[in-house]
Amino acid sequence: MSPLVTVKILFFASARDAAGGMTSADVEMESVAADTSHLREKLAELYPQLASLVLDEENITLALNEEYVPMGEVWKLKNGDVVALIPPISGG
């Protein structure tokens with residue numbers, strides 16, 4: 001078994017609602033699978049109501065340590081990283 005990586009997840013707006021109102025959570029992943037793609041899958045498993053949002057990059061953008069992860073890119077995660085789930089923002 002590979003070492004574990006713990007990342008802090010921040011839930012905003014509809015992502016927070018789908019996660020049962022949680023604002024943050026710590027998620028552990030095996031280091032060999034610690035990337036943004038596997039994180040989306042892990043969050044879908046942990047929070048089934050979040051699955052349809054988090055598995056679709058057009059519905060949820062990830063921000064890793066306050067830097068947006070471009071659509072289609074997979075970034076490696078390390079222990080202590082903070083990942084924010086950012087739903088689409090509508091202007092007015």
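Parameters at a glance
Residues numbered from 1 in each chain as written. Predicted model: local features only at pLDDT ≥ 70, side-chain atom pairs only at ≥ 80, totals over all residues. Heavy atoms only, no water. Core = buried A, V, L, I, M, F, W, Y, C linked by side-chain atoms within 4.5 Å. Buried < 20%, exposed > 50% of the residue type's maximum accessible area, 1.4 Å probe, protein only. Helix = DSSP H or I, 4+ residues; strand = E, 2+ residues; numbered from the N terminus. Contact = heavy atoms within 4.5 Å. Pairing = 2+ DSSP bridges. Axes fitted to C-alpha atoms, helices over the stretch in contact; angles between N-to-C directions.

(A) Summary view of the nonpolar core. Counting 27 residues, the largest nonpolar core has Ile 9, Phe 11, Leu 39, Leu 43, Leu 50, Leu 77 and Leu 85 as its most contacted members. Going through the elements one at a time, strand 1 (4-11), helix 1 (13-18), strand 2 (24-30), helix 2 (36-46), helix 3 (51-54), strand 3 (61-64) and strand 5 (82-86) are the ones with two or more residues in this core. Examining the composition of this core, we find that four residues originate from one element, strand 1, more than from any other. Excluding residues within four positions of it along the chain, Ile 9 makes contact with Thr 23, Ser 24, Ala 25, Val 27, Leu 39, Leu 43, Val 83 and Leu 85.

(B) Just the sheet that holds strand 3, in detail. Across the sheet, five strands lie side by side as 2-1-5-3-4; this open sheet has mixed pairing. Each of the sheet's edge strands pairs with one partner strand only, and the pair in question is strand 2 and strand 4 (67-68). Judged from the four bridges that link them, strand 1 and strand 5 form a sheet pairing that is parallel. Residue pairing for strand 5: Lys 8 is matched across the bridge by Val 82. Together, strand 1, strand 2, strand 3 and strand 5 form the strand contacts of helix 2, whose direction differs from that of strand 2 by roughly 120°.

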